[in-house]
Amino acid sequence: QVQLVESGGGLVQAGGSLRLSCAASGRTYSIIGMAWFRQAPGKEREFVAAINWSGGNTGYADSVKGRFTISRDNAKSTVYLQMNSLKAEDTANYYCAGQRRYYSAATSESSNAYDYWGQGTQVTVSS
């Protein structure tokens, strides 16, 4: 089993920055990719960014391209989400997810492609 623990959320003004972290523990060797999703009140969970664990290939939702950067530290089994130029519409609970199987980039934007989930960390952007 794998456990994912997010941290780094908080309250920030529009235009500011935050860095989220997700630490994986347990059978981390089973993880081949990780991603960040977010869910705002009354809305469905949506894909934010993903990274391949070995090659470091990344993908982003159009809404965050150029503002967010996903990265990983294999030695620490940790994935990060650097969020810059934050907007009020970025306010949501952010979840870290891990996948055990290879999928296409398009499929990896679906929450169904992920087997492990963290408990979430709240990000609130004030305008």
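Residues numbered from 1 in each chain as written. Predicted model: local features only at pLDDT ≥ 70, side-chain atom pairs only at ≥ 80, totals over all residues. Heavy atoms only, no water.

A. A look at the pairing of strand 8 (residues 78-83). Here strand 8 lies mainly inside the structure; five of its six residues are buried. When strand 3 (residues 18-26) meets strand 8, the two strands line up antiparallel, connected through six bridges. Within the sheet, the bridge partner assigned to R19 lies in strand 8 and is Q82. The sheet contact formed by strand 7 (residues 68-73) and strand 8 spans six bridges and is antiparallel. Paired with D73 across the bridge in strand 8 is T78. Hairpin geometry of strand 7 and strand 8 is characterised by an intervening segment of four residues between the two adjacent antiparallel strands and by a positive phi of about 50° at S77. (Buried < 20%, exposed > 50% of the residue type's maximum accessible area, 1.4 Å probe, protein only. Helix = DSSP H or I, 4+ residues; strand = E, 2+ residues; numbered from the N terminus. Pairing = 2+ DSSP bridges.)

B. Summary view of the sheet that holds strand 8. In space, the four strands of this open sheet follow the order 1-3-8-7, with antiparallel pairing throughout. Pairing within the sheet leaves two strands with one partner each, and these edge strands are strand 1 (2-7) and strand 7. Between one strand and the next, the sheet's axes are offset by a mean angle of 15°, whatever the strand orientation. (Axes fitted to C-alpha atoms, helices over the stretch in contact; angles between N-to-C directions.)

C. Layout of the packing of aromatic side chains. The full count for this structure, using the stated rule, is four aromatic pairs. Here the aromatic rings of Y114 and W117 are separated by 6.3 Å at their centres, their planes lie at 70°, and the arrangement is edge-to-face. Every member of this aromatic cluster is reached through a ring pair, and the members are F37, F47, Y114 and W117. For R45, the ring lying beneath its charged end belongs to Y95, and the centroid distance is 3.9 Å. In this arrangement the basic side chain of R45 is found over the ring face of W117, its NZ or CZ atom lying 4.8 Å from the centre. (Phe/Tyr/Trp six-rings, centres within 6.5 Å; stacked < 30°, edge-to-face > 60°. Lys NZ or Arg CZ within 6 Å of the ring centre and 35° of its normal.)

D. Quick look at the state of the cysteines. Scanning the model with the defined rule gives one disulfide in all. Each sulfur of the disulfide joining C22 and C96 lies 2.0 Å from the other. The sign of the S-S torsion, about -80°, decides the handedness of the disulfide formed by C22 and C96: left-handed. Of the two residues, C22 is situated in strand 3 and C96 in strand 9 (residues 92-99); the sequence distance between them amounts to 74 residues. Look at C22 and you get buried, because its relative accessible area is 0%. Residue classification places C96 among the buried positions, given a relative accessible area of 0%. (Disulfide = S-S within 2.5 Å.)

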